[in-house]
Amino acid sequence: MSARTLYDKLWDSHVVQQRDDGSALIYIDRHIIHEVTSPQAFEGLRLAGRKPWRVDSILATPDHNVPTTQKERASGVAGIEDPVSLIQVQTLDDNCDAYGIVEFKINDARQGIVHIIGPETGACLPGMTVVCGDSHTATNGALGALAHGIGTSEVEHVLATQCLVSKKMKNMLVEVNGTLGVGVTPKDVILAIIGKIGTAGANGHALEFGGDVFRNMSMEGRMTVCNMAIEAGARAGMVAVDDTTIDYVRGRMFAPKGEDWEKAVASWQDLHSDPGAVFDKVVTLRAEDIEPQVSWGTSPEMVGPVGAKVPDPAAESDPAKRESMVRALEYMGLKAGQPIESIKLDRVFIGSCTNARIEDMRAAAQVVKGRRKADSVKEAMVVPGSGAVKAQAEAEGLDKIFLDAGLEWREPGCSMCLAMNADKLGAGEHCASTSNRNFEGRQGYGGRTHLVSPAMAAAAAIAGHFVDVRDFVEGGQA
Amino acid sequence: MKSFTQVTGLVAPMDRANVDTDMIIPKQFLKSIKRTGFGKNLFDELRYLDEGQPDQDCSHRPLNPNFPLNQRRYQGSTVLLARANFGCGSSREHAPWALEDFGFRCVIAPSFADIFYNNCFKNGLLPVVLPEPVVEKLFQQLYANDGYQLTVDLEAQAVTTPDGEVFTFEVDDFRKHCLLKGLDDIGLTLEQADAIKAYEAKRRQEAPWLFDAVKAETAKR
Ligand code: SF4
């Protein structure tokens, strides 16, 4: 057989039936569901008199609009103040109970953001196809899986048939070689990639991340990178399986055990692109060129190094781009040529499926340790991505570090990433956010989001404006 | 999706042109997380004398006695006889959901709004276009006869009156096929159930760890 990419292999091994029109029935190994995009799908199933095809393939948890304060969480579902959120969370519980679907309910110690609990529990594994009614499902691609988001009607389709009707995408490789500088994190790498290729750069492609930088990256870092593949236009992002992957998976709750483990590991050895495999598109970056990033606009591609200035639309030759830059700067309340470091922050949000894993918590804690949040920052919240992350952080005393520094320590959930619960930006407020989307109004009506790494967000919380975290790391401002 | 082959049922009149989707299901009921349960609010503003609220128990609301669906002779009807341009307005799929949930299987009219017409097929509801004079004739027969029933046969593309008079109608072949078999995307995929099962069996043998782990492991705790 000719040389194949990782995506080719994952695709080939899941084709149930190839159709004449170029589409195929693809088998789905793991289906993760949450409260927002599943209710109508279950309703549809019921209407049609159908049942889930394979209940054991499904794992559920509420995350999008669960409250994150201890007060509101204390009395479980009933304690959710927003009635619409309450109904959605209750509906998920009811559906899961009715069909016998395993769900980590609101105050279960294992509850968390869908894309965090998948890998964390071992529910998502190398070689799997993973879907979830949420675009950031690509996160699981870090495991060497084919993972992507689907819509509500597709959620129903997968529930009912265990398959998805899909057309094969093209192959794209982003290669980053070299060594990342101190203070430069996986989040900076993916932001730099998106800054380079644009939010449509990987449209129609499955995106593989290759090169030294990803080989040397931790699994959690790879998840951060794959998480934002969607912001580069790719429905799926992935990294080849190596020892780091296998070490990560070993011993997780749902991971194979004993003899199965040995067989599984053996089967995962092939989950990489063959030498000579052909990609339709290849982009390369040098690790040494990547600096800590801050987004200044209203699209993830409007991003640059922290030491740079807000770009001048007048210098942009493409009129459509120029126009969108002008609109972005107006919405963001920024001036062309203004140093990014001069942007003052009203709020800081450390969390989301991009950056709410334990390494993110540690990175942020390391920066704020022994320091105090700037008084000008109204609120800085740290929202762990899952109950497990929260417990681990607390075991390491990270919660104390945050609280001592004047940051808030919350209950797990999506929180201010999309502001479906009470955690929102006010109009005109600037927020240093470790999430993945800086669209207008994403974090609250009129809110201004700047995407950064956890370490950069933490440093901004202390300084009250953006600063180069490398100055903190190297003791420049200590 | 429900299939539709043939229905013989009581007919109810909706005797006005340009019935829009807001009339079929008013906007305050779209907040629901569900696709069902809209039947009690079908034609809400025409059917009740007060303003309807979502999640309300409708059994104590004042009914409009002049509205046909509230009259005893039309209880249990499954065919709705309507006038021109039925279902105009928004694209809300809630409109066919509401009709279907109420118990209608077929709507007969001289013409339909496009999107509504399409949405009907996705939801197991058959929209039948008959010429204006025929519809007029059916209305007259309906009003003249208590317990008036029509037989709608999709396979034969025919509507038959109690007197045995037959009116044929047009329908797109593919849509007809899907509706006869009750096929939606999911239905089409399920036609390949054997292929899915075969794949699954092979996969279970090659990679047993992909199965049952979540349920089994959780049950232990
Ligand atoms: S954290 Fe944000 S991006 Fe991630 S799943 Fe939740 S809402 Fe979506």
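Just so we're clear, the structure is a prediction, and the values are computed from it rather than from any experiment.

Q: Break down the overall build of chain A for me, citing the residues and quoting the values.
A: Broken down by element type, chain A carries 17 helices and 19 strands. For chain A, whose C-alpha radius of gyration is 22 Å, the value lies close to the compact-globule estimate of 23 Å for 478 residues. Its C-alpha atoms give chain A principal-axis dimensions of about 55 × 55 × 45 Å. Of the accessible surface of chain A, which amounts to about 16,300 Å², a share of 50% is contributed by carbon and sulfur atoms. Across chain A, 48 positive and 63 negative side-chain charges occur, with their mean positions spaced 1 Å apart.

Q: Tell me about the overall build of chain B, and please be specific about residues and values.
A: A tally of helices and strands in chain B yields nine helices and seven strands. Relative to its full complement of 221 residues, chain B shows a buried share of 53%. Across chain B, the fraction of contacts at a sequence separation of at least 24, relative to all contacts at a separation of at least 6, is 64%. Surface summary for chain B: the accessible area is close to 10,300 Å², and the carbon and sulfur share equals 49%. Charge centroids of chain B, computed over 26 positive and 31 negative side chains, lie 7 Å from each other.

Q: Which residues make up the site of the ligand, and what are the values?
A: The full set of residues close to the ligand is A:His64, A:Ile113, A:His115, A:Asp134, A:His136, A:Ser352, A:Cys353, A:Cys414, A:Cys417, A:Leu418, A:Asn436 and A:Arg442. The residue makeup of the shell around the ligand, split by class, is five nonpolar, five polar and two charged.

Q: How would you summarise the pattern of salt bridges if you had to cite specific residues and measurements?
A: Once their charged atoms are close, side chains differing in charge can pair, the charge on each being opposite to the other. Residue and element names in this part refer to chain B. The full count for this structure, using the stated rule, is 37 salt bridges over all chains. With a shortest N-O distance of 2.8 Å, Lys137 and Glu165 are connected by a salt bridge. You can see Lys137 sitting in helix H5 (residues 132–144) and its partner Glu165 sitting in the loop between strand E6 (158–160) and strand E7 (166–168), a full 28 residues away along the chain. Assessed through its relative accessible area of 33%, Lys137 is described here as partly exposed. For Glu165, a relative accessible area of 29% translates into the label partly exposed.

Q: Summarise the confidence of the model for chain B; cite the residues concerned and give the values.
A: Scored by pLDDT, chain B comes out at a mean of 90, with 95% of its residues at no less than 70. At the level of chain-chain contacts, confidence expressed as ipTM amounts to 0.93, with global pTM at 0.81.

Q: I'd like a description of the sheet that holds strand E7 (residues 146–149) of chain A, backed by residues and values.
A: Residue and element names in this part refer to chain A. With parallel pairing, five strands are arranged side by side in an open sheet as E5-E4-E3-E6-E7. In this open sheet, the two edge strands, each paired with only one partner strand, are strand E5 (102–103) and E7. Sheet topology note: the strand E3 (residues 30–33)/strand E6 (residues 129–132) ladder contains three bridges and is parallel. When the sheet's bridge partners are listed, His31 is paired in E6 with Val131.

Q: Go over helix H9 (residues 219–227) of chain A with me, naming the residues and quoting the values.
A: Taking burial as the measure, the nine residues of H9(A) include nine buried ones, the bulk of the element. Among the residues making up H9(A), those that are buried are A:Met219, A:Glu220, A:Gly221, A:Arg222, A:Met223, A:Thr224, A:Val225, A:Cys226 and A:Asn227.

Q: Quick one: what's the story with the domain arrangement of chain B, residue by residue and with numbers?
A: Partitioning chain B into domains gives domain 1 (6–183) and domain 2 (191–221). Between the C-alpha centres of domain 1 of chain B and domain 2 of chain B the distance comes to 43 Å.

Q: Can you explain the interface of chain B and chain A? Please cite residues and give values.
A: Listed per partner, the contact involves 33 residues of chain B and 51 residues of chain A. For the pairing of chain B and chain A, the buried interface totals around 3,600 Å² over both sides, and the portion due to carbon and sulfur atoms is 62%. Counting across the interface, chain B meets chain A through two salt bridges. Within the residue set of the side of chain B that touches chain A, elements represented by two or more residues are helix H7 (185–190), helix H8 (193–206) and helix H9 (213–220) of chain B. Here the side of chain B that touches chain A takes nine residues from H8(B), the largest share from any one element. The residue makeup of the side of chain B that touches chain A, split by class, is 14 nonpolar, six polar and 13 charged.

Q: Account for the pairing of strand E2 (residues 23–27) of chain A, with residues named and values stated.
A: All names here are of chain A. Within E2, five of the five residues are buried, which leaves it mostly tucked inside the rest of the structure. Two elements, strand E1 (residues 15–18) and E2, share three bridges in a ladder whose sense is antiparallel. Residue pairing for E2: Gln17 is matched across the bridge by Leu25. Bridging between E2 and strand E8 (residues 163–167) involves five bridges; their strand directions are antiparallel. Among the inter-strand pairings, Ser23 is bridged to a residue of E8, identified as Lys167.

Q: I'd like a description of the environment of A:Asp8, backed by residues and values.
A: Residue and element names in this part refer to chain A. Structurally, the position occupied by Asp8 is in helix H1 (residues 6–12). C-alpha separation for the pair Asp8 and Lys168, spaced 160 residues apart in sequence, amounts to 8.8 Å. For Asp8, the residues in contact, after removing those within four places along its chain, are Lys168 and Asn171.

Q: If you had to explain the nonpolar core to someone new, which residues and values would you point to?
A: Counting 157 residues, the largest nonpolar core has A:Val176, A:Ile193, A:Phe209, A:Trp268 and A:Phe466 as the members making the most contacts within it. For this core, the element with the most residues is helix H16 (residues 454–463) of chain A, which contributes eight residues. Ignoring any residue separated from it by four or fewer positions in sequence, one finds A:Val176 in contact with A:Val189, A:Ile193, A:Gly210, A:Gly211, A:Asp212, A:Val213, A:Phe214, A:Leu285, A:Arg286, A:Ala287 and A:Ile290. Within the second largest apolar cluster, 57 residues are counted, among which are B:Ala95, B:Leu125, B:Val128 and B:Leu138.

Q: Please set out the side chain of A:Asp134 residue by residue, giving values where relevant.
A: Residues and elements named next belong to chain A. Counting through the fold element by element, Asp134 comes out in the loop between E6 and E7. Within the buried set, Asp134 has no salt-bridge partner at all; the shortest N-O distance to an opposite charge, 6.4 Å, is to Arg437. Within polar-contact distance, the side chain of Asp134 engages the backbone nitrogen of His136 at 3.0 Å. Setting aside residues no more than four positions away along its own chain, Asp134 makes contact with His34, His64, His115, Gly149 and Ile150.

Q: Outline the side chain of A:Ser166, listing residues and values.
A: Residue and element names in this part refer to chain A. Here Ser166 shows up in strand E8. A relative accessible area of 11% means that Ser166 is categorised as buried. Setting aside residues no more than four positions away along its own chain, Ser166 makes contact with Trp11, Gly22, Ser23, Ala24 and Ile26.

Q: Give a description of the packing of aromatic side chains that names residues and reports values.
A: Applying the stated criterion to the full structure yields 16 aromatic pairs over all chains. Both rings, one in A:Phe402 and one in A:Trp409, keep their centres 5.7 Å apart while their planes meet at 15 degrees; by these two values the pair is stacked. Per residue, the accessibility class of A:Phe402 equals that of A:Trp409, and both read buried. Between B:Phe38 and B:Trp97, the ring centres sit 6.1 Å apart and the planes meet at 25 degrees, which makes this aromatic pair stacked. Of the two residues, B:Phe38 sits in the loop between helix H1 (21–24) and helix H2 (44–47) while B:Trp97 sits in helix H3 (residues 94–102), which places them 59 residues apart along the sequence. For the residue pair B:Phe38 and B:Trp97, the accessibility class agrees, reading buried in each case. Of the aromatic side chains, those joined through ring pairs into one cluster are B:Phe86, B:Phe112, B:Phe116, B:Tyr117 and B:Phe121. Of note, B:Arg61 hangs over the ring of B:Tyr48, and the distance from its end group to the ring centre comes to 3.8 Å.

Rules behind the numbers
Residues numbered from 1 in each chain as written. Chains lettered and ligands numbered in written order. Predicted model: local features only at pLDDT ≥ 70, side-chain atom pairs only at ≥ 80, totals over all residues. Heavy atoms only, no water. Helix = DSSP H or I, 4+ residues; strand = E, 2+ residues; numbered from the N terminus. Rg over C-alpha atoms; globule rule 2.2 N^0.38 Å. Areas by Shrake-Rupley, 256 points an atom, 1.4 Å probe, with all protein chains shown as cover. Lys, Arg positive; Asp, Glu negative; His and termini not counted. Charge placed at Lys NZ, Arg CZ, Asp CG, Glu CD. Buried < 20%, exposed > 50% of the residue type's maximum accessible area, 1.4 Å probe, protein only. Contact = heavy atoms within 4.5 Å. Near = heavy atom within 4 Å. Nonpolar A, V, L, I, M, F, W, Y, C, P; charged D, E, K, R; others polar. Salt bridge = Lys/Arg side-chain N within 4 Å of Asp/Glu carboxyl O. pLDDT = per-residue confidence, 0-100. Pairing = 2+ DSSP bridges. Domains from an automatic or database assignment. Buried area = accessible area lost by both parts, 1.4 Å probe. Core = buried A, V, L, I, M, F, W, Y, C linked by side-chain atoms within 4.5 Å. Polar contact = N/O pair within 3.5 Å; in protein donor to acceptor, adjacent residues only side chain to side chain. Phe/Tyr/Trp six-rings, centres within 6.5 Å; stacked < 30°, edge-to-face > 60°. Lys NZ or Arg CZ within 6 Å of the ring centre and 35° of its normal.

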